[in-house]
Amino acid sequence: RDPEGRPDKLEAITEGARLNMIRSVLFVCTGNSCRSVMAEAILRMRAYELGKDYIDVRSAGVRALSGLPSSDETIEVMKEEGVDVSDYRTKNVTVDMIKKADLILTMEPTHKDEILALVPEAKSKTYLLKEYGASAKFNPKGFSVHDPIGKPIDEYRITRDEIKAEIARFVKEL
């Protein structure tokens, strides 16, 4: 790294090569009814727009009750983006999902810890969403993505926009 902490050329080239090998992404949050659903839908939409619809994008929760719909607020704020997630059903993360994913992006440090407790060898492909792009712009308190559950719809919009900005930073490199 240079004196300002930026990656040197070799490190940047290595990271770029690794990014181009990604064919499957798994987003993980707590209940899989808000944040990870938004992230899955946003990345799917952006990948399609960029002609990269071959990337398999999924989401799950570390404490999800499988088979439930997304929250009403999530459905509404994603509809504002032109994306319908009303048919989405929650899924609890599994060892198989973790092993199959090329990249795992979590919303909070505890989610990352739980993924690594299940599959320690997933360490090299598991990141916090904000850590992966190293931006704390939207959340100066750290690398967690704001959890809107149980809050007014404007909180869901904040979270959606936060996730959207984070994905925009790296989607072209996938």
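Up top is the structure these notes are about.
Residues numbered from 1 in each chain as written. Predicted model: local features only at pLDDT ≥ 70, side-chain atom pairs only at ≥ 80, totals over all residues. Heavy atoms only, no water.

Asks: Is there a simple way to think about the overall build of the protein in this case?
Replies: Along its length, the protein carries 7 helices and 4 strands. The secondary structure elements of the protein, listed N-terminal to C-terminal, are α-β-α-β-α-α-β-α-β-α-α. Here the protein, with 174 residues, has 44% of them falling under the buried criterion. Pairs at least 24 residues apart make up 68% of the contacts formed inside the protein by residues separated by at least 6 positions. Per element, the accessible surface of the protein, about 9,200 Å² overall, is 55% carbon and sulfur. (Helix = DSSP H or I, 4+ residues; strand = E, 2+ residues; numbered from the N terminus. Buried < 20%, exposed > 50% of the residue type's maximum accessible area, 1.4 Å probe, protein only. Contact = heavy atoms within 4.5 Å. Areas by Shrake-Rupley, 256 points an atom, 1.4 Å probe, with all protein chains shown as cover.)

Asks: I would appreciate a short explanation of the packing of helix H3 (residues 72-79) against helix H7 (residues 153-170) in the present structure.
Replies: A pair of packed helices can be characterised by two numbers: the angle between their axes and the separation between those axes. Direction vectors running N to C along H3 and H7 enclose 55°, while the axes themselves pass 9 Å from each other. Comparing their axes, H7 and H3 come out oblique. With respect to the hand of their crossing, H3 and H7 are arranged in right-handed fashion. Where H3 abuts H7, its residues Glu73, Thr74, Glu76, Val77 and Met78 lie against Ile153, Tyr156, Arg157 and Arg160. (Axes fitted to C-alpha atoms, helices over the stretch in contact; angles between N-to-C directions. Parallel < 35°, antiparallel > 145°, perpendicular 65-115°, else oblique. Left-handed = near helix turned anticlockwise from the far one by under 90°.)

Asks: Which parts of the structure should I look at to understand the side chain of glutamate 40?
Replies: Here glutamate 40 lies in helix H2 (residues 35-49). The contact partners of glutamate 40, leaving out residues within four places of it in the chain, are Phe27, Val57, Arg58, Ser59 and Tyr88.

Asks: How do you make sense of H2 when you look at a structure like this?
Replies: Note on helix geometry: an α-helix contains 3.6 residues per turn, so any two residues three or four positions apart are oriented the same way. In this model H2 runs 21 Å from its N-terminal to its C-terminal C-alpha over 15 residues, within 8% of the 21 Å that 1.5 Å per residue would give. In the core, the buried residues of H2 are packed alongside strand E1 (24-29), strand E2 (56-61), H3, helix H5 (109-118) and H7. Looking one or two places after H2, you find glycine 51, whose phi comes out positive at around 75°. (Expected span 1.5 Å × (residues − 1).)

Asks: Explain the pattern of salt bridges to me, please; I cannot follow it from the model alone.
Replies: Pairs may arise between side chains of opposite charge once their charged atoms sit close together. A full pass over the atoms with the stated rule returns 16 salt bridges. In this structure, arginine 58 engages aspartate 56 in a salt bridge whose closest nitrogen and oxygen atoms are separated by 2.8 Å. In this structure, the salt-bridge partner of glutamate 162 is lysine 130, at a minimum N-O distance of 2.7 Å. In this pair, glutamate 162 sits in helix H7 while lysine 130 sits in helix H6 (residues 129-133), placing the two residues 32 residues apart along the sequence. In this structure lysine 130 comes out as buried when scored by relative accessible area, which is 0%. (Salt bridge = Lys/Arg side-chain N within 4 Å of Asp/Glu carboxyl O.)

Asks: Mind showing me how you'd approach the packing of H2 against H3 here?
Replies: The interhelical angle for the contact between H2 and H3, taken along N-to-C directions, is 25°, at an axis separation of 10 Å. With respect to each other, H2 and H3 are oriented roughly parallel. Crossing geometry of H2 relative to H3 is assigned as right-handed. Judged by residue contacts, Val37, Met38, Ala41 and Ile42 of H2 engage Thr74, Val77 and Met78 from H3.

Asks: What's the story with H5 in this structure? I'm lost.
Replies: Within H5 the residues assigned to the buried category are His111, Lys112, Ile115 and Leu116. What you see down the axis of H5 is that its buried residues fit within an arc of 130°, all on one side. Exposed side of H5, more than 90 degrees from the buried face: Asp113 and Ala117 are the residues found there. (Arc of directions from axis to C-beta.)

Asks: Mind showing me how you'd approach the side chain of threonine 159 here?
Replies: By the element assignment, threonine 159 lies in helix H7. With a relative accessible area of 0%, threonine 159 lands in the buried category. Apart from the residues within four sequence positions on either side, threonine 159 is in contact with Arg35, Met38, Val145, His146 and Pro148.

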